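# Results of the structural survey
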Amino acid sequence: MRLTLALLFFASLALPSAAEDGVQWLRCGAVWDGKTLSGPAVIEVAKDRISAVTPGSAAPAGGKSVDLSGQTCLPGLVDSHTHVLLQGDITAEDYANQLLKQSPEYRTILATVNAKRILSWGFTTIRDLETEGAGYADVDIRNAIDRGVIPGPRMQVATRSMDVTGAYPLLGYAPQLSMPKGVQEVDGADGGRRAVREQLSHGADWIKVYSDRSYRVIANGVLDDIPTFTLDEMKAIVDETHRQRHKIASHATALHGVHNSVEAGVDSVEHGDYIADEDLKTMVQKGIYYVPTLYVGEYVAEGRAKEGAPVWLEMNKIHEQTFRRALKAGVKIVFGTDIGGFDWHINPAREFELMVKDGMTAEQALRSATVTAAEMLGWSDRLGTLEPGKLADIVAVPGNPLEDITRLEHVSFVMKNGVIYPAGDR
Ligand SMILES: [Zn+2]
């Protein structure tokens, strides 16, 4: 009797229905797996992982099968430069209002909505590059998503970021007022090391520094700046970050900021509107990634020009030339948009179109938001391509994105970790 029951028990274990076992089949009209575009294929998803990619369109009977014929399936997208806790800052007043009139709690509520929205647009992973005065709230958002409390992309976060005293808003208030800052103010090599230790202890994945400010165009389309940290300070911050097995991103927009960042050995240069040819060479040698954020420059330029800083209009032209030079030099370029620096109702996939306009092929642009982004995040073992063993982060778009990159703005299907989420929030 006992034996019979045991046999029945094992028999039922051996033949579970597909649904009970968590197996799903996505019947894709075409697949771009991170390397090549191929015809119809069935992606088998077992729990949170891709278990097989099989040419053809026939899925096994039973289980859960999703019809994505007429669609191209792609790896989940990565936006490597976001600010979920910021709601646009064209003007200094936009920024001050958020720091002075919104509680960190309210800003965190808004951030949860932003996280849900960017996931619906097909971005299954983001690197969020500092909270702009909202402390360590990004750590909590990341953790709440990981624990399944709220929907959103998986995140790597940079917490408070660093700049030197007197270089980052809020600025310009009466000296007796102690104003909130959008960064942690840090001075000296020891101060830098201490801040790295503090931020990592509170959950930062990345360290971020602001390396320059106050931009002006000098001869021959060169963008000049005032570097914030000294090279000694930068080197100490980079060393402490790497010593603790973390990575460091540098907001570096122009000549000296980029040069110091590259010399100090940061892992990524953010924005990089102007990068000297010599520094591009060093970036290739050291494997430093370039996250150009083209769209935000266009978005903020007119507003900032009206506020009395017309340099932002010229910076866009310089930025395009730098992007083309970086591409030619073979720098590893990663898709990042700075969303939050622009309105969270604008789909960051617009960046793709600018990357293609400025010289990338559609496939290069796609790789920058999948394969190369996963590499920069240190997650190539689980993200970036559609192949067995990778996490089931899969999106679909109607038609062929290699022929028309703007298809990426119309993601119609989103799966993260094997779970399907609503697509296309507006
Ligand atoms: Zn940013």
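Structure shown above.
Parameters at a glance
- Residues numbered from 1 in each chain as written.
- Predicted model: local features only at pLDDT ≥ 70, side-chain atom pairs only at ≥ 80, totals over all residues.
- Heavy atoms only, no water.
- 1 Å grid on protein atoms, 1.4 Å probe; cavity = no way out; pocket = protein on both sides within 12 Å on 5 of 7 lines; lining within 4 Å.
- Points joined across faces, edges and corners; volume = space filled by probe spheres on them.
- Nonpolar A, V, L, I, M, F, W, Y, C, P; charged D, E, K, R; others polar.
- Helix = DSSP H or I, 4+ residues; strand = E, 2+ residues; numbered from the N terminus.
- Donors = N, O, S within 2.8 Å, 3.2 Å for Na, K, Ca; no water.
- Buried < 20%, exposed > 50% of the residue type's maximum accessible area, 1.4 Å probe, protein only.
- Phe/Tyr/Trp six-rings, centres within 6.5 Å; stacked < 30°, edge-to-face > 60°.
- Lys NZ or Arg CZ within 6 Å of the ring centre and 35° of its normal.
- Salt bridge = Lys/Arg side-chain N within 4 Å of Asp/Glu carboxyl O.
- Patch = residues over 30% accessible without salt bridge, like charges linked within 9 Å, V, L, I, M, F, W, Y side chains within 5 Å.
- Areas by Shrake-Rupley, 256 points an atom, 1.4 Å probe, with all protein chains shown as cover.
- Core = buried A, V, L, I, M, F, W, Y, C linked by side-chain atoms within 4.5 Å.
- Pairing = 2+ DSSP bridges.
- Axes fitted to C-alpha atoms, helices over the stretch in contact; angles between N-to-C directions.
- Disulfide = S-S within 2.5 Å.
- Expected span 1.5 Å × (residues − 1).

### A short note on the layout of surface pockets
- Here the largest pocket defines a volume of roughly 1000 Å³.
- Its residues assigned to classes, the lining of the largest pocket comprises 18 nonpolar, twelve polar and ten charged.
- By volume, the second largest pocket is sized at about 210 Å³.
- Every residue lining the second largest pocket is counted, 16 residues in all, and those nearest its centre are Ile145, Asp146, Arg154, Lys416 and Asn417.
- Listed by contribution, the elements that provide at least two residues to the lining of the second largest pocket are helix H4 (137-146), strand E8 (154-157) and strand E19 (419-421).
- Considered class by class, the residues forming the lining of the second largest pocket number seven nonpolar, four polar and five charged.

### Things to note about the coordination of the zinc ion
- Looking at the zinc ion, the protein donor atoms are His81 (NE2), His83 (NE2) and Asp338 (OD), and they sit 2.1 to 2.2 Å from it.
- The motif formed by the donor residues of the zinc ion, counted along the single chain, is H-x1-H-x254-D. For the pair His81 and His83, one class covers both residues: buried.

### As for the packing of aromatic side chains
- Under the definition given, this model contains eight aromatic pairs.
- Ring centres of Tyr168 and Tyr210 lie 4.5 Å apart, and the angle between their planes is 45 degrees; this geometry places the pair in the tilted category. You can see Tyr168 sitting in the loop between strand E9 (162-163) and strand E10 (184-185) and its partner Tyr210 sitting in strand E11 (residues 206-210), a full 42 residues away along the chain. The same class applies to Tyr168 as to Tyr210, namely buried.
- The side chain of Arg127 reaches across the aromatic face of Trp206, ending 4.5 Å from its centre.
- Over the ring of Trp312 we find Arg304; its NZ or CZ atom is 4.5 Å from the centre of that ring.

### Brief notes about empty space enclosed by the protein
- One pass over the structure, following the stated rule, counts one cavity of 30 Å³ or more.
- Of the pockets and cavities examined, the largest cavity occupies roughly 50 Å³.

### Structural notes on the pattern of salt bridges
- Evaluation of the coordinates by the stated rule reveals 21 salt bridges.
- Linking Glu270 and Arg127 is a salt bridge whose minimum nitrogen-to-oxygen distance equals 2.7 Å. Of this pair, Glu270 sits in strand E15 (residues 268-271) while Arg127 sits in strand E7 (residues 123-128), and the two are 143 residues apart along the sequence. Comparing Glu270 with Arg127 shows no difference in burial state: the two are buried.

### A look at a nonpolar patch on the surface
- Judged by side-chain polarity, Leu100, Tyr173 and Leu177 come together as a nonpolar surface patch covering roughly 270 Å² of accessible area.
- Looking at where Tyr173 falls in the secondary structure, it is placed in the loop between E9 and E10.
- The class for Tyr173 is partly exposed, based on a relative accessible area of 37%.

### Let's talk about the environment of Ala369
- With respect to the secondary-structure elements, Ala369 resides in the loop between helix H12 (362-368) and helix H13 (371-377).
- Taking relative accessible area as the criterion, Ala369 reaches 0% and is therefore assigned buried.
- For the pair Ala369 and Ile333, spaced 36 residues apart in sequence, the C-alpha to C-alpha distance is 9.1 Å.

### A few points about the nonpolar core
- Ranked by size, the top nonpolar core spans 76 residues in total, and within it Met162, Met283 and Phe352 carry the most contacts.
- At five residues, H4 tops the list of elements feeding residues into this core.
- Judged by nonpolar contacts, the second largest core, of 16 residues, contains Val31, Val66, Ala392 and Phe413.

### A word on the sheet that holds strand E6 (residues 77-82)
- Taken in spatial order, the three strands make up an open sheet running E6-E7-E8, and their pairing is parallel. The sheet is open, and its two edges are formed by E6 and E8, each paired on a single side. Looking at each pair of strands side by side, their axes are set apart by 15 degrees on average, direction ignored.
- Bridge count for E6 against E7 is four bridges, and the pairing is parallel. Across the sheet, residue Thr82 finds its bridge partner in E7, namely Asp128.

### What to know about the state of the cysteines
- For the structure shown, the criterion picks out one disulfide.
- Two residues, Cys28 and Cys73, share a disulfide whose sulfurs are 2.1 Å apart. When the S-S torsion is -90 degrees, as for the bridge of Cys28 with Cys73, the disulfide is left-handed. Taken together, the residues span a long stretch of sequence, with Cys28 in strand E1 (residues 23-32) and Cys73 in strand E5 (residues 64-75) at a distance of 45 residues.
- Overall, the relative accessible area of 3% leaves Cys28 in the buried class.
- Under the relative-accessibility criterion, Cys73 is labelled buried at 0%.

### Regarding helix H10 (residues 311-329)
- Over its 19 residues, H10 runs 26 Å from end to end, which matches the ideal 27 Å to within 8%, given 1.5 Å per residue.
- Of all the positions in H10, only Val311, Met315, Ile318, His319, Thr322, Phe323 and Ala326 are classed as buried.

### Considerations on unusual backbone geometry
- Residue Pro169 is joined to Leu170 through a cis peptide bond whose omega torsion reads 10 degrees.
- Position of Leu170 relative to the elements: it lies in the loop between E9 and E10.
- Although it is not a glycine, Ser161 adopts a positive phi angle of roughly 65 degrees.
- Relative to the assigned elements, Ser161 resides in the loop between E8 and E9.
- Owing to a relative accessible area of 0%, Ser161 belongs among the buried residues under this scheme.

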